[in-house]
Amino acid sequence: MDKDFHYYGTYVAACYAGYSAREAQTIAHAAQYVDDSVHRLLINQGDYGIDFQPIPTCHTTGELGWTTVGSGPSLSELHQVWILFHFLPGNYESQTLSDPNASSRMREYTGPQHDSFPSVFPVKSWDYNDKAKLEFRLLCLPESPMAMAMINDIINKHVGQPYETHLIGLRMHVLADTAAHAYYAGTPAWHVNDAGAKVYDLTSNPKKEVPWLPISGGEQSTPSTTIYYDSIFYLGHGRMGSVPDYPWIRYEYSPKWSSTSIIKDNPVEYLKIFKQMVTALKCIKERKRFDISNIELIDQKYISAIDNILRTKHDFGLGDKASEMRCNLWKKAITDGSLGSVVMPEEYNKDLWLNVVKKTGSSTGTDYYKFNKAAIEHLDFVKSSLSKNKIPLD
């Protein structure tokens, strides 16, 4: 997902859940900031009075590129960032949380068992071994026990904390990404995140092949002398480019892990996750347990307006312009009253929170401090939960 949904969609959801415009603004800013809090925006422990070491919640393309050549973020940091904040694992039956729908939710691996190819790298072959099986368990799936638990964790342990609102926004980002990032994992893994070269746009009639992907040629791509089995290229949905982040697209593709193709209907899934966000936010505000199967009712005319926003199609290959175009759709709907009595939020500025720290010379009590504190709390919670289910990240 991009800024259009993480910022404006989250803001509207928070307003519908009963938060004030000021609170909704902070929640939405924190939700989008997860995609922007890279190393450049981190200060060192001790600077400006901060009493812990902030952690990144995202990496730039450049940082990931350096990883490819061996001098970027470590695998441990990649897992910490992408698994915990963007691809929440869900392809396992929880031993510690209620998981009645595990059998229908989980996905079965029907991909290759062995593979080999010429390579300049030491690893020239691959087997579906214990490590590969663990990586498949990291598959991000919506409506997982972890997704529900992280919401209830706010109610159980973080109510009244100075960073509560920022943790809410951060976890709205993670919750939303379980829809867009379903069937991908936040680890560099060829057998999980690769896909066939042909991806079809089903919003066209007849269906059309998506005109741009990072790899093209051949019905099923294979690693090469420069792209290997655990290459950073196979992190998350990098293999698919921006396609999973388009809210309007219904697409068909062939993931490496499945012997059959998959159809993802983004407008349906995005609208569903919006409703879940409103429900989660309202549960937090009212201090009652979040149950993902018990969704709040929202006025149908507002749902129709949001559905129209999500389904507005644009060309492929527009880069950041596409997200800005979609942001304008949300702003227009707020301005003309299509979304009800929602007040227009401020323009998002990823440098705003850090600039306040630098201007005042102190991090104490700032949004910057609270967000980064929330990031630490989220990291500790997810790592602990996964560890209890015998899924180590280190």
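Conventions adopted
Residues numbered from 1 in each chain as written. Predicted model: local features only at pLDDT ≥ 70, side-chain atom pairs only at ≥ 80, totals over all residues. Heavy atoms only, no water. Helix = DSSP H or I, 4+ residues; strand = E, 2+ residues; numbered from the N terminus. Rg over C-alpha atoms; globule rule 2.2 N^0.38 Å. Buried < 20%, exposed > 50% of the residue type's maximum accessible area, 1.4 Å probe, protein only. Contact = heavy atoms within 4.5 Å. Areas by Shrake-Rupley, 256 points an atom, 1.4 Å probe, with all protein chains shown as cover. Lys, Arg positive; Asp, Glu negative; His and termini not counted. Charge placed at Lys NZ, Arg CZ, Asp CG, Glu CD. Pairing = 2+ DSSP bridges. Expected span 1.5 Å × (residues − 1). 1 Å grid on protein atoms, 1.4 Å probe; cavity = no way out; pocket = protein on both sides within 12 Å on 5 of 7 lines; lining within 4 Å. Points joined across faces, edges and corners; volume = space filled by probe spheres on them. Nonpolar A, V, L, I, M, F, W, Y, C, P; charged D, E, K, R; others polar. Phe/Tyr/Trp six-rings, centres within 6.5 Å; stacked < 30°, edge-to-face > 60°. Axes fitted to C-alpha atoms, helices over the stretch in contact; angles between N-to-C directions. Core = buried A, V, L, I, M, F, W, Y, C linked by side-chain atoms within 4.5 Å. pLDDT = per-residue confidence, 0-100.

Chemist: Quick one: what's the story with the overall build of the chain, residue by residue and with numbers?
Modeler: For the chain, the helix and strand inventory stands at 14 helices and six strands. Relative to a compact globule of 394 residues, whose C-alpha radius of gyration would be 21 Å, the chain shows 21 Å and is just as compact. When each of the 394 residues of the chain is scored for burial, the buried share is 56%. In the chain, 72% of the contacts between residues at least 6 apart in sequence involve partners at least 24 apart. For the chain, the accessible area works out to roughly 16,900 Å², and carbon and sulfur atoms hold 50% of it. Of the side chains in the chain, 40 bear a positive and 45 a negative charge, and the two mean positions are spaced by 2 Å.

Chemist: Give me the lowdown on the pairing of strand E6 (residues 262-265), citing residues and values where you can.
Modeler: The side-chain alternation of E6 yields one buried face, formed by Ile262 and Lys264, and one unburied face, formed by Ile263 and Asp265. Both strand E5 (residues 250-253) and E6 contribute to a ladder of four bridges, which runs antiparallel. Paired with glutamate 252 across the two strands is isoleucine 263, which belongs to E6.

Chemist: An account of helix H10 (residues 266-286) is requested, with residue identities and associated values reported.
Modeler: Taking 1.5 Å as the rise per residue, H10 with 21 residues should run 30 Å; its terminal C-alpha atoms sit 30 Å apart, in good agreement. Residue arginine 287 follows H10 closely and has a positive phi angle near 60°.

Chemist: If you had to explain the layout of surface pockets to someone new, which residues and values would you point to?
Modeler: By volume, the largest pocket is sized at about 1,500 Å³. Along its surface, the largest pocket is lined by 43 residues, and Asp2, Thr61, Ser242, Asp245 and Asp320 are the ones closest to its centre. Going through the elements one at a time, helix H3 (61-68) and helix H12 (320-335) are the ones with two or more residues in the lining of the largest pocket. Counting residues per element, the lining of the largest pocket draws most heavily on H12, at five residues. Its residues placed into classes, the lining of the largest pocket shows 16 nonpolar, 16 polar and 11 charged. Here the second largest pocket defines a volume of roughly 910 Å³. In this structure, the second largest pocket is lined by 41 residues; those nearest its centre are Glu143, Pro145, Met148, Ala149 and Ile292. Looking at the lining of the second largest pocket, the elements with two or more residues in it are helix H5 (102-105), helix H7 (145-158), E6, H10 and helix H14 (367-388). For the lining of the second largest pocket, the element with the highest residue contribution is H7, accounting for eight residues.

Chemist: Hey, could you go over the packing of aromatic side chains for me, with residue numbers and the actual values?
Modeler: One pass over the structure, following the stated rule, counts 24 aromatic pairs. Here the aromatic rings of tyrosine 109 and phenylalanine 136 are separated by 5.3 Å at their centres, their planes lie at 75°, and the arrangement is edge-to-face. Of the two residues, tyrosine 109 sits in the loop between H5 and strand E1 (114-116) while phenylalanine 136 sits in helix H6 (residues 130-137), which places them 27 residues apart along the sequence. A relative accessible area of 10% places tyrosine 109 in the buried class. The exposure class of phenylalanine 136 is buried, given its relative accessible area of 4%. Between tyrosine 183 and tryptophan 257 the ring centres are 6.2 Å apart and the planes differ by 50°, which places this aromatic pair in the tilted class.

Chemist: Residue-level account of the sheet that holds strand E4 (residues 208-209), with values.
Modeler: Strand order in the open sheet formed by four strands is E4-E3-E5-E6, and the pairing between neighbours is antiparallel. Edge strands, defined here as strands with exactly one partner in the open sheet, are E4 and E6. Docked against the sheet, H10 engages E5 and E6, running at close to 55° with respect to E6.

Chemist: Please give an account of the pairing of E5 that cites residues and values.
Modeler: The pairing of strand E3 (residues 200-201) with E5 spans two bridges and is classified as antiparallel. Within E5, the residue paired with aspartate 201 across the bridge is tyrosine 251.

Chemist: I'd like to hear about the nonpolar core, residue by residue, with values.
Modeler: Core analysis: the largest hydrophobic core is formed by 128 residues, its most contacted members being Phe5, Tyr253, Phe274, Leu281, Trp330 and Tyr368. Here this core takes 10 residues from H10, the largest share from any one element.

Chemist: Tell me what's going on with the confidence of the model for the chain, and back it up with residues and numbers.
Modeler: Averaged over all residues, the pLDDT of the chain is 91; the fraction at 70 or higher stands at 93%. In the predicted structure, residues 215-223 sits below a pLDDT of 50 and forms 30 contacts with residues beyond four places in sequence or in another chain.

Chemist: Help me get a handle on the environment of serine 231, residues and values and all.
Modeler: Relative to the assigned elements, serine 231 resides in the loop between E4 and E5. In this structure the C-alpha to C-alpha distance between serine 231 and asparagine 152, which are 79 residues apart in sequence, comes to 35 Å.

Chemist: So what about helix H8 (residues 164-180)? Which residues, and what values?
Modeler: With 17 residues, H8 should reach 24 Å at 1.5 Å per residue; the first-to-last C-alpha distance of 25 Å fits that figure. Within H8, 16 of the 17 residues are buried, leaving the element largely enclosed by the surrounding structure.

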